[in-house]
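# What the coordinates show
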Amino acid sequence: MTTRKDNPAVQALLQQANIDADIKRIAEKILQAERITPAEGLILFEKGDVGLLGALANQVRERMHGDKTYFNRNFHIEPTNVCVFTCHFCSYSRLYKNREDGWELSIDQMMDIVKKYDNQPVTEVHIVGGVHPKMQLDFFVELIQKIRAHRPDLHIKGFTAVELDYMFRKAKVSIDEGMRILNEAGLQSMPGGGAEIFAPEVRAKICHDKVDADGWLAIHKAAHQRGMHTNATMLYGHIESYADRIDHMERLRQLQDETGGFNTFIPLKFRNKGNDMANIPESSIVEDLKLYAVARLYMDNFPHLKAYWPMLGRNTAQLTLSFGVNDLDGTIDDTTKIYSMAGAEEQNPSMNTAQLATLIKQAGRRPVERDTVYNEIKDYTEVVFSDEELLTK
Ligand code: V47
Ligand code: SF4
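Residues numbered from 1 in each chain as written. Chains lettered and ligands numbered in written order. Predicted model: local features only at pLDDT ≥ 70, side-chain atom pairs only at ≥ 80, totals over all residues. Heavy atoms only, no water.

Let us look at the overall build of the chain. A tally of regular secondary structure across the chain gives 16 helices and 11 strands. A compact globule built from 393 residues should have a C-alpha radius of gyration of about 21 Å, and the chain, at 21 Å, falls within 12% of that. With the C-alpha coordinates aligned to their principal axes, the bounding extent of the chain is approximately 65 × 50 × 40 Å. Counting the 393 residues in the chain, one finds 58% classified as buried. When contacts within the chain are restricted to residue pairs at least 6 apart in sequence, those whose partners lie at least 24 apart make up 76%. With the model as given, the accessible surface of the chain reaches about 15,900 Å², and the carbon-plus-sulfur share is 51%. Between the averaged position of the 47 positive side-chain charges in the chain and that of its 56 negative side-chain charges there is a distance of 0 Å. (Helix = DSSP H or I, 4+ residues; strand = E, 2+ residues; numbered from the N terminus. Rg over C-alpha atoms; globule rule 2.2 N^0.38 Å. Buried < 20%, exposed > 50% of the residue type's maximum accessible area, 1.4 Å probe, protein only. Contact = heavy atoms within 4.5 Å. Areas by Shrake-Rupley, 256 points an atom, 1.4 Å probe, with all protein chains shown as cover. Lys, Arg positive; Asp, Glu negative; His and termini not counted. Charge placed at Lys NZ, Arg CZ, Asp CG, Glu CD.)

Using the residue numbers shown here, the UniProt feature "domain: Radical SAM core" (unreviewed entry) corresponds to residues 69-303. The straight-line gap between the two end C-alpha atoms of residues 69-303 is 12 Å; of that span, 42% is helix and 14% is strand. (UniProt positions renumbered as here; feature names shortened; annotations may be inferred.)

In this section: the site of ligand 1. Taken together, the neighbourhood of ligand 1 is formed by 23 residues, with K157, G192, G193, G194 and E196 sitting nearest. Backbone polar atom of F89 to a nitrogen atom of ligand 1: 2.9 Å apart, as the coordinates give it. Contact between ligand 1 and E196: an oxygen atom at 2.5 Å from a side-chain N or O atom of the residue. Each residue belonging to the shell around ligand 1 can be placed in one class, and the counts come to 10 nonpolar, 7 polar and 6 charged. (Near = heavy atom within 4 Å. Polar contact = N/O pair within 3.5 Å; in protein donor to acceptor, adjacent residues only side chain to side chain. Nonpolar A, V, L, I, M, F, W, Y, C, P; charged D, E, K, R; others polar.)

Domain parsing of the chain yields domain 1 (8-64) and domain 2 (71-391). Relative placement of domain 1 and domain 2: their C-alpha centres are 29 Å apart. Taken together, the contact between domain 1 and domain 2 spans 21 residues of the former and 28 residues of the latter. For the pair domain 1 and domain 2, the summed buried surface comes to about 2,000 Å²; carbon and sulfur atoms form 69% of the total. When residues of domain 1 are sorted by the area they lose upon contact with domain 2, R35, F45 and R61 head the list and together hold 39% of the total. On the surface where domain 1 and domain 2 come into contact, there are 7 residue pairs in polar contact (both at pLDDT 80 or more). Looking at the side of domain 1 that touches domain 2, the elements that each hand over two or more residues are α3 (38-47) and α4 (50-65). The element best represented in the side of domain 1 that touches domain 2 is α4, accounting for 10 residues. (Domains from an automatic or database assignment. Buried area = accessible area lost by both parts, 1.4 Å probe.)

Another point: the nonpolar core. By size, the foremost hydrophobic cluster in this structure holds 111 residues, and its most contacted members are M249, L252 and F265. Ranked by residues supplied to this core, first place goes to helix α12 (residues 285-298) with 8 residues. Domain assignment of the residues forming this core places at least three in each of domain 1 (8-64) and domain 2 (71-391). Filtering out sequence-adjacent residues up to four positions away, M249 remains in contact with F45, M234, F265, V294, A295, Y298 and M299. (Core = buried A, V, L, I, M, F, W, Y, C linked by side-chain atoms within 4.5 Å.)

Our next topic: helix α7 (residues 161-171). Extensive coverage of α7 is indicated by the burial of 8 of its 11 residues. Each element contacted by the buried residues of α7 is listed here: α6 (137-150), α8 (175-185), β5 (189-190) and α10 (213-225).

On to the packing of α10 against helix α11 (residues 242-259), then. In contact at an axis separation of 11 Å, α10 and α11 are set at 25° when each is read in the N-to-C sense. The angle between α10 and α11 places the two elements in the roughly parallel class. Considering only the axes of α10 and α11, their crossing is right-handed. Across the interface between the two elements, A213, D214, W216, L217, H220, K221 and H224 from α10 touch R251, L252, L255, E258 and T259 from α11. Residues of the contact of α10 with α11, tallied by class, amount to 5 nonpolar, 3 polar and 4 charged. (Axes fitted to C-alpha atoms, helices over the stretch in contact; angles between N-to-C directions. Parallel < 35°, antiparallel > 145°, perpendicular 65-115°, else oblique. Left-handed = near helix turned anticlockwise from the far one by under 90°.)

With that settled, consider unusual backbone geometry. One non-glycine residue, F159, lies in the positive phi region at around 70°. Relative to the helices and strands, F159 resides in the loop between β4 (155-158) and α7. Taking relative accessible area as the criterion, F159 reaches 0% and is therefore assigned buried. In this structure, D329 takes a positive phi of about 60° despite not being glycine. Within the fold, D329 resides in strand β9 (residues 327-330). By relative accessible area, which is 2% here, D329 ends up buried.

Here the UniProt feature "binding site: S-adenosyl-L-methionine" (unreviewed entry) sits at F89 and E196. For this annotated set, covering 108 residues, all C-alpha atoms fall within 9.9 Å of each other, a compact arrangement in space. Relative to the elements of secondary structure, F89 occurs in the loop between β2 (74-77) and α5 (107-116). Residue classification places F89 among the buried residues on the basis of a relative accessible area of 13%. Once residues within four sequence positions are removed from consideration, F89 is found in contact with E196, I206, C207, K210, L235, F270, N275 and M277. Topologically, E196 is positioned in the loop between β5 and α9 (200-206). Among the residues examined, E196 registers a relative accessible area of 7% and is labelled buried. If near-sequence neighbours (up to four positions away) are discounted, E196 is found in contact with F89, R203, I206, C207, K210, T233, M234, L235 and H248.

In C-alpha cells, the structure reads:
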C-alpha cells in the first residue's frame, strides 16, 4: 500500500465543488504514485489549473527530494557558433560562409579558458556549440584529452546529440564506436540539447536539417549503454501543441524505462529575439509554471527537473521551485551566449555560490551543491554569507 501524506493545500483544491471530474481522478492517481497516461497528461495541459498542478508537482518533488534544491559550480566552453544547420529559433549561430561574424576557438584558446579556473572549486565543464564543418571528431578527442590531462578532477559534460551525429557521420564511425572513442578520451556525460520537439511535423518547420528524433534518442541510448549519464531538453512555447509536448515527454519516458540513463529533464523556454521566429510571442510565466508542473507529474522516472536560470531569468527560476523543479543548474560564470543572444533577461549570466544558494534559500528550500551526476558536495542551508560574498561577482 502506498503511504499517502497529502499536502492540505492539495486536499483543499481537490474538495472544491467545481473541480473537473477527470482532473480529480488524475490527481488521485498522482497522489497514489501511479503513472499517468499520455491522454491524462494532455488533460492536465488542457484543463489543469496552474494552482492545482503546482501543488501536485510540489508534492511529488517533496516526495522525491524533500526541500533539497541542487546546483553545481560549472563553466561553459562554446567552441564556435559557426553552424552547418539552420534552426529557425537559433539567434546564436552563423553560417560557415559568414564565419567572420562568429567565433572559432582553437584548442589552445579553449585550454586557456580551462586554466582560468585552475584555482577555483568548479566541478564541471559544459562544452556545447555550433556544428562547424572543420571541427571534427579528432579535434574534440584532442581537446578532451588535454582537459583531462590538465585537470583530471573536472567532470567533462559535452556535445549535444546534434553535434555528435554530425561528428560521427563525418568520421564515418558508428554511434557506438564514436561514443567509445569520446568516452575513452575522457568525455563523461552529455548535455540534453538538440532535442527541441521530436514530432516530425514541428521539427520540419523549426529545424528540418539536423538529426531527427530517432537519431537523437539512439545517441543517448548508446551513451547510456556505456554507463554514461545524459540529460534531455524540450524547447517549448513556440508552434508546438500540447499533444506535441506529451509526445516528446513520452518518447523520453520510454527510453528512460529502458536504460535509466537520464539524470535530468530540462524544459527550455523559447526566447524570440534575433531569430527567424521573432514573430512568435513568448509563453507567459503562468504557461511556464504549468509546463514545469506537468513535466514533474509526467516524467515520473526522471530523478531531476531542472530550471535553467540563464534562460528563464532568476525570478521565474525561483518560482519554479514551487512547481516541481529541484535543480537550478550552475554558477555559469558568464560563459554562455545562447540565451543572451536570444533576448533572455540575463545578458551576462553569472552567479557566485553565495548568490545561487541565497536565491534557493529565499524560496524556502535547502541549497545543496552537487556534482554532475548528483553526488552531494555540500548543504548550504546553515551557511551565513557576508554582504561582500553576496555582492561580489
Ligand atoms: O538545443 C537555442 C536551445 C539548446 C534558443 O544538459 C534555445 O545540462 C530558447 O542544451 N530560445 C542548447 N532555447 C542548450 C542546452 C542546455 C542548456 C543548459 C543545460 C543543459 C544540460 C543543456 O538551447 C538547444 C536549443 O534547444 N536554444 N536557441 C532560443 N532562441
Ligand atoms: Fe546550429 Fe544548434 Fe543553432 Fe541549430 S540550435 S543552428 S544546431 S547552433
